[in-house]
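# Structural overview for review
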Amino acid sequence: MIPKGALSLKAGGSVLELHDIRKSYGAHQAVKGISFAIRSGETLGLLGPNGAGKTTTVSIIAGLISPDSGDVQLDGHSLGGDTDPLKARIGLVPQDLALFEDLSARDNLAVFGALYGLKGPSLDRAAAGALSFAGLVDRAKDKVKTFSGGMKRRLNLAGALLHDPDLIILDEPTVGVDPQSRNAIFEGLEALRARGKTLLYTTHYMEEAERLCDRIVIVDHGEVIADDTVAGLTRRLPMRNLLRLELEDPPAGAWVEELAALPGIASAHLESALLTIGLAELGPGSAAVLSWLTVRRIAVSHASTERADLETVFLALTGRTLRDE
Ligand SMILES: Nc1ncnc2c1ncn2[C@@H]1O[C@H](COP(=O)(O)OP(=O)(O)O)[C@@H](O)[C@H]1O
Ligand SMILES: [Mg+2]
């Protein structure tokens, strides 16, 4: 666990710093003291399950909502909310599409541009670049309502880049996107990275975080529960392998805890009929688990194994899986 309020970076190297951000909706504490920092040129993944507080956190960074307490600093200056001129350095790609269905792609970009005072030739230049980035040059004049989900996502992304921000925040940009558009989005993000942009990427898909991000901040229930590189996170695990067993008819009782306490077994979790076991050594560990289950007449209908990944890290930290429920 990372102590509350601690930053993973030394002062000076970071573009963005969050200090102990808190936000409640009524009695519900959505964000309970989040702190982290992003270095210039870094791609940071904000990874957590639905409801973890990712959108609330990035909406606070982008000045769309104000925190109850805490401080957001961009290059060492505290951000003062929606009208702060520093905000022009940030581009937010919102989780919910912010597009006008009855306007063309080009006219939608004009609306985005107007938010940042872009018009005339500078808008033309920016819009042409954005349409090309989104792979929508030949659809520029078509109404957005004729677009696929993936095309809308790409246009939504392009709109946030029109004013050439240094820090680009993407809130679950691939939800509801076909594989082809997902690849196009990833390639676009890799190109932005190569141009030295700083990216903050929220997702509940750990494969995306593993593929794109230099560093991962894992949030759960409004708190940071880990902040490290992917390699650093998996190195810390007591288990290197996962054994997943589908049980035919799992009995009630505290047997899962008993199983977890066996030597060589780092963790054991049962979610409906799926038993997930963390093992340091796959061979001896699997043998021990299977014979233990056999003795208790707990039948296994399917078995698979996996190498430790971010899912494993999340499971080890929270006892839950990160998947879509
Ligand atoms: N406008 C709102 N009013 C009330 N509750 C909200 C609102 N927005 C988010 N929440 C709640 O705050 C928590 C965090 O939500 P959110 O930041 O959207 O999480 P995430 O983006 O990680 O899925 C959730 O429990 C969600 O239901
Ligand atoms: Mg969200």
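Small disclaimer: the values here were computed from a predicted structure and weren't measured.

Looking now at the overall build of the protein chain. From N to C terminus, the protein chain includes 10 helices and 14 strands. Each principal axis of the C-alpha atoms in the protein chain carries an extent, and together these give about 75 × 45 × 40 Å. When the 325 residues of the protein chain are sorted by exposure, 38% land in the buried category. A fraction of 71% describes how many contacts in the protein chain between residues 6 or more apart in sequence connect residues 24 or more apart.

A few words on the domain arrangement of the protein chain. Where the parts come together, the accessible area they lose is often given as the size of the interface. Looking at the protein chain, the domain boundaries give domain 1 (14–234) and domain 2 (238–307). If you average the C-alpha positions of domain 1 and of domain 2, the two centres end up 39 Å apart.

Moving on, we come to the site of ligand 1. Around ligand 1, the neighbouring residues are Tyr 25, His 28, Ala 30, Gly 48, Asn 50, Gly 51, Ala 52, Gly 53, Lys 54, Thr 55 and Thr 56. Taken together, the elements giving at least two residues each to the shell around ligand 1 come down to β2 (28–39) and α1 (54–61). When grouped by side-chain class, the residues that make up the shell around ligand 1 number 3 nonpolar, 7 polar and 1 charged.

Spanning 13 residues, helix α4 (residues 149–161) covers 19 Å between terminal C-alpha atoms, matching the ideal 18 Å at 1.5 Å per step. Taken across its 13 residues, α4 has 12 buried, putting it largely inside the fold. Listed as buried for α4 are Gly 150, Met 151, Lys 152, Arg 153, Arg 154, Leu 155, Asn 156, Leu 157, Ala 158, Gly 159, Ala 160 and Leu 161.

Judged by nonpolar contacts, the single largest core of 82 residues is most densely connected at Ala 130, Ile 169 and Leu 200. The element that contributes the greatest number of residues to this core is α4, accounting for 6 residues. Viewed by domain, this core spans two of them, domain 1 (14–234) and domain 2 (238–307), each represented by three or more residues. Those residues in contact with Leu 200 that lie beyond four places of it in its chain are Ile 38, Leu 44, Leu 46, Val 58, Leu 167 and Ile 169.

Attention shifts here to the sheet that holds strand β9 (residues 215–220). As summarised here, the arrangement of the 6 strands in space is β6-β7-β8-β3-β9-β10, forming an open sheet in which the pairing is mixed. Two strands lie at the open edges of the sheet, namely β6 (90–93) and β10 (223–228), each paired on one side alone. Averaged over all pairs of adjacent strands, the angle between strand axes in this sheet comes to 15°, irrespective of strand direction. Bridge analysis of strand β3 (residues 43–47) against strand β8 (residues 198–203) gives 5 bridges, and the strand direction is parallel. Pairing of Leu 46 across the sheet is with Thr 202, part of β8. Against the sheet, α4 makes contact with β6 and β7 (167–171), and its axis sits at roughly 165° relative to β6, the strand it touches most.

Residue alternation in β6 divides its side chains into two sets, Ile 90 and Leu 92 and Gly 91 and Val 93, and both sets are buried. Pairing of β6 with β7 involves 4 bridges; the strand directions are parallel. Paired with Leu 92 across the bridge in β7 is Ile 169.

A separate point is the packing of α4 against helix α5 (residues 179–194). Between α4 and α5, the shortest axis-to-axis distance is 9 Å and the interhelical angle comes to 20°. The angle between the axes of α4 and α5 places the two elements in the roughly parallel class. Handedness of the crossing formed by α4 with α5: right-handed. Between α4 and α5, the contacting residues are Gly 150, Met 151, Arg 153, Arg 154 and Leu 157 on the first element and Gln 180, Ser 181, Ala 184, Ile 185 and Gly 188 on the second. Looking at the contact of α4 with α5 residue by residue, the class counts come to 4 nonpolar, 4 polar and 2 charged.

Another point: the sheet that holds strand β13 (residues 274–279). Strand order in the open sheet formed by 4 strands is β12-β13-β11-β14, with antiparallel pairing between adjacent strands. Each edge of the open sheet is held by one strand with a lone partner, namely β12 (265–271) and β14 (300–307). Ignoring strand direction, the axes of neighbouring strands in this sheet form an average angle of 15°. Summarising the sheet, strand β11 (residues 241–247) and β14 pair through 7 bridges and their orientation is antiparallel. Note that in β14 the partner of Leu 247 across the bridge is Val 300.

Here the focus is the packing of helix α3 (residues 120–133) against α4. One way to put it is that α3 packs onto α4 with a least axis distance of 9 Å and a crossing angle of 145°. Seen along the crossing, α3 lies across α4 with a hand that is right-handed. Here α3 contributes Ala 130, Leu 131 and Phe 133 to the contact with α4, which in turn contributes Ala 158, Gly 159 and Leu 161. Of the residues contributing to the contact of α3 with α4, the split by class is 5 nonpolar, 1 polar and no charged.

What counts and how
Residues numbered from 1 in each chain as written. Chains lettered and ligands numbered in written order. Predicted model: local features only at pLDDT ≥ 70, side-chain atom pairs only at ≥ 80, totals over all residues. Helix = DSSP H or I, 4+ residues; strand = E, 2+ residues; numbered from the N terminus. Buried ≥ 20, exposed ≤ 12 C-beta atoms within 10 Å, placed from the backbone. Contact = placed C-beta atoms within 7 Å. Domains from an automatic or database assignment. Near = placed C-beta within 6 Å. Nonpolar A, V, L, I, M, F, W, Y, C, P; charged D, E, K, R; others polar. Expected span 1.5 Å × (residues − 1). Core = buried A, V, L, I, M, F, W, Y, C linked by C-beta atoms within 7 Å. Pairing = 2+ DSSP bridges. Axes fitted to C-alpha atoms, helices over the stretch in contact; angles between N-to-C directions. Parallel < 35°, antiparallel > 145°, perpendicular 65-115°, else oblique. Left-handed = near helix turned anticlockwise from the far one by under 90°.

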